[in-house]
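# Structural overview for review
Residue strings, one per chain:
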Amino acid sequence: MDFQKLVDSCGMAAAVLSVVDTKDGHYGDIRIVKANEKYKQIMGPKYHDNMIYSEIVPKEPNFEDFCFRCAVHKQHLHAYVDTKSMGVWTDGTYIPLSSEVDYDNICHFLFFFEFTKAPESERLSSNISAETAPFVIQTCINLRSAENFYESMNTVISDIQKKTDSFSSCIIMIDKEQQKYAPLCSKFKDDVACIDDFMPYLTPDVVFSWEETLQHHDDIIIKDDFDMKELEKINPVWVRSLRGANVNNLVLTPLSQGKKMFGVLFITNFNTERVVEIKEFIEITAFFLSAEISNNELMEKLEFMSNVDFLTGVRNRNSMNARVDDHVSNKHLVTPPFGIIFADLNGLKQCNDTGGHEAGDKLLRESAKLLKEHFQNYEVYRSGGDEFVVILPNCAKENFENKVSKLKAESGYGSPVCFAVGSDWSNNPEDLRKCMHVADEAMYADKNTYYNQHPDKARR
């Protein structure tokens, strides 16, 4: 067969590639035998016929696996993938050539492709096989229909575990800037196992190595010990961890927003007989998961911005009002018995007058810090300029009174943070607003007493 004539007849960038069949289930050199002009222009001046493909582009294990399956096993394949090494998406088609053109364990296939700068919905959908499409559709439905974000994530990760017939499937969130990571959801085939059993193997040096390992790959797929040894050459720390956790094969797919990776979809000990199908639906599922998680993070940030006081870090008046409304409407009760504390900062005006607003802001932050330390598991709000409110659900009267006494003792006259404090307690769920009114009045009475006893302190 005239390979040059074959590739020249293609309307897009095309080449005939060869794969050495080592007859042990693996492969040797993968070469670009012949290419048309469009292909050569993309590859640049370093291109020459019969060159090993990795001389001109970075090695890509998933691409090599497709080459092997197409050339040796004569499978017709198609993939639309994020080619990170080139900063584009590649829509590639692999067509096996007749075994009549193969010789000396060298097998051939035709590869042609197009680039897109960003993922295109039509190409993504065309890359979904009839076997995978129902699973992808069900995933989208699960992501959109659940009222609770975490409920939908747990449903999807359970479906992935079943679909891949894996020992475990999980999503791990990663914040490289903060050097933090944590599992978002997980599902194990063995109900006795849980993610906490395997966190000791997911050490920081392992987790924060993934981004570099994935730098030039759309995902990492390890099918057997041969692949594991190849991975060991570039990431020995991770492989040591995998072997310690008895992981024999795996899929690691990045979850990203733009070019920023914020997590991974991690699957271990899956059914390797279905690796092509699994690669297909994992990549498209990861695409939708990335969008859903990014959207949820945006909503959480917006909610945070609307409910948190940025100066002090405690909840703001808007959040307090919503909390009271939810209680009154029985949407989210403040569990009785409950206590209410109003704490108004004494001397803020004097602090602003003598030290400026920077000093005043510092005093407010110290005030919030003191309240958060005293009421760690309760709700602290900044309800106004120098006013704070604490709501203590499910708090026995004696415990509540002890906490109020300790706060007064630590924030009295002469303390770095000086509060006027008012409080009230009830075991009747209908008394929330009444308790807030009583505590507010008691706080103002305490404040008047403070200024009467210390006339040298300027009022607000």
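Residues numbered from 1 in each chain as written. Predicted model: local features only at pLDDT ≥ 70, side-chain atom pairs only at ≥ 80, totals over all residues. Heavy atoms only, no water.

### Topic: the overall build of the protein chain
Helix and strand content of the protein chain: 15 helices and 16 strands. Taken over C-alpha atoms, the radius of gyration comes to 31 Å for the protein chain, far larger than the 23 Å a tight globule of 460 residues would show. For the protein chain, the C-alpha atoms occupy an extent of roughly 105 × 50 × 40 Å along the three principal directions. Intrachain contacts of the protein chain at a sequence separation of at least 6 include 61% that bridge at least 24 residues. Just so you have it, the protein chain exposes about 23300 Å², and 50% of that area is on carbon and sulfur atoms. When the 50 positive and 70 negative side-chain charges of the protein chain are each reduced to one mean point, those points stand 4 Å apart. (Helix = DSSP H or I, 4+ residues; strand = E, 2+ residues; numbered from the N terminus. Rg over C-alpha atoms; globule rule 2.2 N^0.38 Å. Contact = heavy atoms within 4.5 Å. Areas by Shrake-Rupley, 256 points an atom, 1.4 Å probe, with all protein chains shown as cover. Lys, Arg positive; Asp, Glu negative; His and termini not counted. Charge placed at Lys NZ, Arg CZ, Asp CG, Glu CD.)

### Some thoughts on the pairing of strand 15 (residues 387-392)
Of all six residues in strand 15, six are buried; the element is thus mostly enclosed. Alternating positions in strand 15 separate into two faces, Glu387, Val389 and Ile391 on one and Phe388, Val390 and Leu392 on the other, with burial throughout. Alignment of strand 13 (residues 338-345) against strand 15, held across six bridges, turns out to be antiparallel. Bridge pairing in strand 15 links isoleucine 340 to isoleucine 391. Relative to strand 15, strand 14 (residues 379-382) is paired through four bridges, and the arrangement is antiparallel. (Buried < 20%, exposed > 50% of the residue type's maximum accessible area, 1.4 Å probe, protein only. Pairing = 2+ DSSP bridges.)

### Some points on the packing of aromatic side chains
To describe a pair of aromatic rings, you give the distance between the ring centres and the angle between the ring planes. Across all of its chains, the model carries 26 aromatic pairs by this definition. Residues phenylalanine 188 and phenylalanine 198 carry aromatic rings whose centres are separated by 5.5 Å and whose planes lie at 15 degrees to one another, so their mutual orientation is stacked. Of this pair, phenylalanine 188 sits in strand 8 (residues 180-188) while phenylalanine 198 sits in the loop between strand 8 and helix 7 (204-207), and the two are ten residues apart along the sequence. For phenylalanine 188, a relative accessible area of 7% puts it in the buried group. Ring centres 5.1 Å apart and planes at 75 degrees place the aromatic pair tyrosine 450 and tyrosine 451 in the edge-to-face group. (Phe/Tyr/Trp six-rings, centres within 6.5 Å; stacked < 30°, edge-to-face > 60°.)

### A short note on the state of the cysteines
Following the criterion strictly, the structure yields zero disulfides and no others. Cysteine 10 carries a free sulfur, and the closest cysteine sulfur to it, the one in cysteine 70, is 13 Å from it. With relative accessibility at 22%, the residue cysteine 10 sits in the partly exposed group. (Disulfide = S-S within 2.5 Å.)

### What about the sheet that holds strand 9 (residues 220-222)?
Strands sit in the order 8-7-11-10-9 across an open sheet of five strands; the sheet is antiparallel. The sheet is open, and its two edges are formed by strand 8 and strand 9, each paired on a single side. Adjacent strand axes in the sheet meet at a mean angle of 15 degrees when their direction is disregarded. Two elements, strand 10 (residues 250-257) and strand 11 (residues 260-268), share eight bridges in a ladder whose sense is antiparallel. For glutamine 257, the partnering residue across the bridge sits in strand 11 and is lysine 260. (Axes fitted to C-alpha atoms, helices over the stretch in contact; angles between N-to-C directions.)

### A closer look at the pairing of strand 10
The two faces of the sheet receive side chains in turn, since in a regular strand these alternate between them. When you tally the buried positions in strand 10, you get six out of eight residues, the bulk of the element. If you look at the hairpin formed by strand 10 and strand 11, you'll find two residues sitting between the two strands, and glycine 258 has a positive phi there, around 65 degrees.

### Notes on helix 15 (residues 432-453)
Here helix 15 contains 22 residues, and its C-alpha end-to-end distance of 32 Å stays within 8% of the 32 Å for a straight helix at 1.5 Å per residue. Residues of helix 15 that are buried in the fold lie against helix 12 (317-328), strand 13, strand 15 and strand 16 (419-426). (Expected span 1.5 Å × (residues − 1).)

### Remarks on the environment of glutamate 64
Secondary-structure assignment places glutamate 64 in helix 3 (residues 61-71). With relative accessibility at 7%, the residue glutamate 64 sits in the buried group. The spacing of glutamate 64 and tyrosine 27 is 37 residues in sequence and 8.8 Å in space, taken between C-alpha atoms. Ignoring anything within four residues of it in the chain, the contact list for glutamate 64 reads Tyr27, Ile30, Tyr53 and Lys59.

### Details of the packing of helix 5 (residues 133-145) against helix 6 (residues 149-164)
Closest axis-to-axis distance for the helix 5/helix 6 pair is 9 Å, and the angle between their directions is 160 degrees. As far as their axial angle goes, helix 6 and helix 5 are roughly antiparallel. The two elements helix 5 and helix 6 meet at a crossing, and its hand is right-handed. Contacts between helix 5 and helix 6 involve Phe135, Thr139, Asn142 and Leu143 from the first element and Ser152, Met153, Thr155, Val156, Asp159, Ile160 and Lys163 from the second. A breakdown of the residues in the contact of helix 5 with helix 6 according to their chemical character gives five nonpolar, four polar and two charged. (Parallel < 35°, antiparallel > 145°, perpendicular 65-115°, else oblique. Left-handed = near helix turned anticlockwise from the far one by under 90°. Nonpolar A, V, L, I, M, F, W, Y, C, P; charged D, E, K, R; others polar.)

### A few points about helix 6
An ideal rise of 1.5 Å per residue puts 22 Å on 16 residues; helix 6 measures up with 23 Å between its terminal C-alpha atoms. Where helix 6 is concerned, the buried positions are Phe149, Ser152, Met153, Val156, Ile157, Ile160, Gln161 and Thr164. With its phi angle positive at about 50 degrees, aspartate 165 sits one or two positions after the end of helix 6.

### What to know about the sheet that holds strand 4 (residues 77-83)
Across the sheet, six strands lie side by side as 3-2-1-6-5-4; this open sheet has antiparallel pairing. Of all the strands in the sheet, just strand 3 (51-52) and strand 4 have a single pairing partner and so form its edges.

### Side note on the pattern of salt bridges
Applying the stated criterion to the full structure yields 28 salt bridges. Linking glutamate 114 and arginine 123 is a salt bridge whose minimum nitrogen-to-oxygen distance equals 3.2 Å. A relative accessible area of 33% means that glutamate 114 is categorised as partly exposed. One network of salt bridges, with partners in common, ties together Asp65, Arg69, Lys223 and Asp227. (Salt bridge = Lys/Arg side-chain N within 4 Å of Asp/Glu carboxyl O.)

### Considerations on the nonpolar core
If you look at the biggest cluster of nonpolar residues, it comprises 30 residues, and the most contacted ones within it are Val19, Ile32, Tyr39, Tyr94 and Phe109. Among the secondary structure elements, those contributing two or more residues to this core are strand 1 (13-21), strand 2 (27-35), helix 2 (37-43), helix 3, strand 4 and strand 6 (106-116). A total of six residues in this core trace back to one element, the largest contributor, which is helix 3. If sequence neighbours within four positions are ignored, phenylalanine 109 has contacts with Ala15, Val16, Leu17, Val19, Cys67, Cys70, Ala71, Tyr94, Ile95, Pro96 and Leu97. Ala193, Ile220, Val239 and Leu250 belong to the second-largest nonpolar core, a separate cluster that totals 26 residues. (Core = buried A, V, L, I, M, F, W, Y, C linked by side-chain atoms within 4.5 Å.)

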